[in-house]
Amino acid sequence: MALTTFKEDIYEDPHLVLSNWNFLDSDPCEWFGITCNKERQHVIKINISSSSLKGFLAPEIGQITYLQELTLQKNKLLGIIPKELGMLKFLKVLDLGMNRLTGPIPPELGNLSSVVKINLQSNGLTGSLPAELGNLKYLEELRLDRNRLKGAVPAYSNSTFTANTRGMYATHSNLPGLCSSSQLKVADFSYNFLIGRIPKCLEHLPSASFQGNCLQANNTKQRPSSQCGADSSESHQAPSPKHQRAKDVAKRTKASKPAWLLALEIVTGIMLGSLFLVALLTAFQRCNSKSAIIIPWKKSGSGKDHVVVYIDSELLKDVTKFSRQDLEVACEDFSNIIGSSPDSLVYKGTMKGGPEIAVISLCIKEERWTGYLELYYQREVAELARLNHENIGKLLGYCRESTPFTRMLVFEYASNGTLYEHLHYGEGSQLYWTRRMRIILGIARGLKYLHTELDPPFTILELNSSAVYLTEDFSPKLVDFESWKSILSRSEKNSGSVGNNGAVCLLPNSVEKRHVDIHGNIHAFGILMLEIISGRPPFCKDKGSLIDWARDYLELPEVMSYLLDPELKHFRYEDLKAICEVICLCIQPDSSKQPSMDEISLALESKIDTSVSVELKSSSLAWAELALSS
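Residues numbered from 1 in each chain as written. Predicted model: local features only at pLDDT ≥ 70, side-chain atom pairs only at ≥ 80, totals over all residues. Heavy atoms only, no water.

Caption draft 1: Local environment of the overall build of the protein chain. Counting secondary structure elements, the protein chain contains 14 helices and 27 strands. The burial tally for the protein chain puts 46% of its 630 residues in the buried class. The contacts in the protein chain between residues at least 6 apart in sequence include a share of 59% that link residues at least 24 apart. Put simply, the protein chain shows about 31,700 Å² of open surface, and 53% of that area lies on carbon and sulfur atoms. (Helix = DSSP H or I, 4+ residues; strand = E, 2+ residues; numbered from the N terminus. Buried < 20%, exposed > 50% of the residue type's maximum accessible area, 1.4 Å probe, protein only. Contact = heavy atoms within 4.5 Å. Areas by Shrake-Rupley, 256 points an atom, 1.4 Å probe, with all protein chains shown as cover.)

Caption draft 2: Representation of the pairing of strand S19 (residues 344-350) within the structure. The element S19 is largely enclosed, with a buried count of six among its seven residues. As judged from the three bridges shared by strand S18 (residues 337-340) and S19, these two strands associate in the antiparallel manner. For Gly339, the partnering residue across the bridge sits in S19 and is Val346. Here S18 hands over to S19 after three residues, the two strands then running antiparallel side by side. Sheet topology places S19 next to strand S20 (residues 356-362); seven bridges connect them, and they run antiparallel. Among the inter-strand pairings, Leu345 is bridged to a residue of S20, identified as Ser361. Between the end of S19 and the start of S20, which pair antiparallel, lie five residues, with Gly353 showing a positive phi angle near 70°. (Pairing = 2+ DSSP bridges.)

Caption draft 3: The pattern of salt bridges, seen in detail. Applying the stated criterion across every chain yields a total of 20 salt bridges. Note that Lys348 is salt-bridged to Glu356, the shortest N-O span being 3.0 Å. Under the relative-accessibility criterion, Glu356 is labelled partly exposed at 32%. With its nearest N and O atoms 3.7 Å apart, the salt bridge here joins Arg572 to Glu574. With a relative accessible area of 47%, Glu574 lands in the partly exposed category. What you see here is one network of salt bridges that share partners, running through Asp27, Glu30 and Arg40. (Salt bridge = Lys/Arg side-chain N within 4 Å of Asp/Glu carboxyl O.)

Caption draft 4: Broad picture of the packing of helix H7 (residues 433-453) against helix H11 (residues 573-587). One way to put it is that H7 packs onto H11 with a least axis distance of 12 Å and a crossing angle of 30°. At the point where H7 passes H11, the crossing takes the left-handed sense. Facing H7, whose interface residues are Trp433, Met437 and Ile440, H11 presents Asp575, Leu576 and Ile579. (Axes fitted to C-alpha atoms, helices over the stretch in contact; angles between N-to-C directions. Left-handed = near helix turned anticlockwise from the far one by under 90°.)

Caption draft 5: Here's a closer look at the layout of surface pockets. Put simply, the largest pocket is a space of about 1,400 Å³. Along the walls of the largest pocket sit 42 residues, with His15, Ile338, Gly339, Thr418 and Glu421 positioned nearest its centre. Broken down by secondary-structure element, the contributors of at least two residues to the lining of the largest pocket are S18, S19 and helix H6 (419-424). Among the elements that line the lining of the largest pocket, the one with the most residues is S18, at four residues. Residue composition of the lining of the largest pocket, by class: 16 nonpolar, 19 polar and seven charged. (1 Å grid on protein atoms, 1.4 Å probe; cavity = no way out; pocket = protein on both sides within 12 Å on 5 of 7 lines; lining within 4 Å. Points joined across faces, edges and corners; volume = space filled by probe spheres on them. Nonpolar A, V, L, I, M, F, W, Y, C, P; charged D, E, K, R; others polar.)

Caption draft 6: Highlighting unusual backbone geometry. Cis geometry is adopted by the peptide bond preceding Pro404, which originates at Thr403 and carries an omega value of -10°. The topology assignment puts Pro404 in the loop between strand S21 (395-401) and strand S22 (406-412). Geometrically, the link from Asp455 to Pro456 is a cis peptide bond, its omega value of 0° lying close to zero. Relative to the elements of secondary structure, Pro456 occurs in the loop between H7 and strand S23 (468-470). Phi is positive for Ser52, close to 60°, though the residue is something other than glycine. Its place among the elements puts Ser52 in the loop between strand S3 (43-47) and strand S4 (54-56). A positive phi angle is found at Ser122, which is not glycine, with a value near 55°. Note on placement: Ser122 falls in the loop between strand S9 (117-119) and strand S10 (124-125). Classification of Ser122 by relative accessible area gives buried; the value is 4%.

Caption draft 7: Examining the side chain of Arg223 more closely. Residue placement: Arg223 occurs in the loop between strand S15 (214-215) and helix H2 (241-255). Buried Arg223, no salt bridge; nearest opposite-charge side chain is Glu328, N-O distance 4.7 Å. Within the structure, Arg223 has its side chain in polar contact with the backbone oxygen of Gly212 (distance 2.9 Å). When residues no more than four places from it in sequence are discounted, the contact partners of Arg223 are Tyr191, Asn192, Phe193, Gly212, Asn213, Cys214 and Cys228. (Lys, Arg positive; Asp, Glu negative; His and termini not counted. Polar contact = N/O pair within 3.5 Å; in protein donor to acceptor, adjacent residues only side chain to side chain.)

Caption draft 8: Region of interest: the state of the cysteines. Per the stated rule, a full pass over the model turns up three disulfides. One disulfide in the model links Cys179 with Cys201; its S-S distance is 2.0 Å. Because the torsion about its S-S bond is -80°, the bridge between Cys179 and Cys201 counts as left-handed. With a gap of 22 residues between them, Cys179 in the loop between strand S12 (150-152) and strand S13 (186-188) and Cys201 in the loop between strand S14 (193-196) and S15 connect regions that are remote in the sequence. Cys214 shares a disulfide with Cys228; S-S distance 2.0 Å. In this structure, the disulfide formed by Cys214 and Cys228 twists by about -85° around the S-S bond and is classed as left-handed. (Disulfide = S-S within 2.5 Å.)

Everything listed here is a matter of geometry and, on its own, says nothing about what the molecule does.
As structure tokens, then:
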């Protein structure tokens with residue numbers, strides 16, 4: 001009954017992940033995302049992630065008594081977190097991160113006596129942190145970052161209680177507050193609107209765990225005062241009389257300084273400033289005679305060694321720079337997540353009076369950001385900015401800010417989603433034969449441009465159907481959303497080359513360049529064409545590699561049609577034969593025998609017919625679209 005209600009409250013299921021949830025089946029243990037115990041008596045896990053489910057969380061979930069894991073991250077769930085979830089006494093993992101949940105965190109979650117991990121990051125949660133979370137004695141991981149939580153971080157209900165060591169907190173577990181959670185190892189409260197001070201019991205956490213708030217923290221970057229209320233820059237309590245007297249004394253002392261002392265301070269300041277400028281200019285000239293920005297970066301926590309990154313100031317002069325605030329507004333407070341990877345998040349947004357955008361944001365802590373990464377990031381922006389072709393996703397600009405730490409790329413958005421979604425989760429009738437042929441030709445033209453018309457050439461790091469975005473009229477656009485991996489890998493290779501002998505001068509031409517893998521792109525294009533005509537993924541757990549399956553049909557004309565997607569009602573045999581010939585050339589093991597993209601594009605353009613008359617023969621949908629447009 002609880003699972004039935006859960007499905008009923010989900011009103012959008014674009015990938016049909018709940019399609020086998022048959023209410024007439026009394027045994028739900030075979031339903032997608034459901035795990036039962038060995039005896040098949042109880043549901044113990046619900047794990048449905050990254051499925052674009054849109055709807056509300058049914059309070060009835062709290063009646064699945066023996067549930068141990070509830071993982072629904074990276075969906076589009078709306079509404080509040082039901083307080084009934086607090087009834088799940090055996091729950092160990094609660095992961096509702098990266099959804100669109102709003103409202104407060106229910107204090108009833110403090111009743112989850114077995115929970116080890118709670119992840120509510122990247123939602124729109126409001127209100128204060130419930131002190132009852134301190135009752136969770138087994139809680140090891142708590143992620144609440146990127147919400148709209150306010151108020152102080154609750155340490156103890158008894159604010160006069162203090163302790164000098166973390167070990168003492170365990171003895172006061174009867175007092176609600178996060179300092180009662182003696183097992184807490186990982187916690188992230190960043191990018192909320194929390195105020196007050198960081199509790200001493202949480203000072204062992206990385207400073208980035210509290211950045212982007214309104215806290216009183218000297219070593220952690222906080223929001224500007226304009227984003228915080230008047231009560232957040234100071235403690236909410238009025239200053240004590242003793243503190244006020246001290247401030248008054250300081251003011252009187254400052255006002256009573258003699259003139260000669262003030263003059264001496266001014267002269268000393270000017271001398272020190274002059275010495276600093278001389279040292280800066282000397283370092284500047286040693287690096288290079290070009291105009292540049294010199295940015296110091298600490299390489300290690302010791303502070304003894306550092307890297308001076310020399311960046312050409314002309315590098316990004318023609319690329320639009322967006323402010324984080326503008327992108328935050330465009331992307332609905334960064335709640336509209338349309339994709340993710342371990343290294344990045346992708347948001348969809350609409351610029352005010354402008355186009356729809358896709359914003360890719362690098363997921364990296366500020367303390368891990370090195371001089372090499374900054375240099376590679378700026379070079380990658382410059383590389384992507386030079387791409388200009390109708391079948392390549394256009395880079396509109398970038399965002400680089402320090403408070404809060406931000407590194408983003410802004411692309412134009414193709415409104416029809418990815419080719420992968422249409423092939424494997426969409427309606428097959430939309431991708432009729434001529435439309436698939438046009439997509440193949442468009443990808444070929446884009447790759448030809450990248451490989452042969454650019455100097456130096458450019459390649460897509462991971463070319464697959466998820467890297468192909470479709471416009472409203474199903475025109476393909478290649479987008480290299482995985483370019484972050486290239487930045488990170490190149491930086492890691494170079495990080496070990498910095499010695500401990502003081503400052504090192506880094507020049508743009510002295511570090512590893514972007515890897516160009518033309519043969520790899522051509523091989524991937526062969527697999528992609530096979531995926532487009534067959535409707536099968538490149539690898540399937542049950543059936544193995546797509547190439548291994550297709551080899552028996554690719555070179556034999558009499559069985560070539562076995563490759564086709566069952567959704568296709570019509571096709572041109574001449575097109576299929578041309579596609580199969582090119583696929584065989586692309587995927588052969590000897591890369592020296594691979595044709596160039598010039599040759600591949602020419603072969604496809606000369607043999608594939610995408611004329612209107614052929615299109616109308618291949619699809620009733622094309623007839624309907626023609627009627628609507630006329």
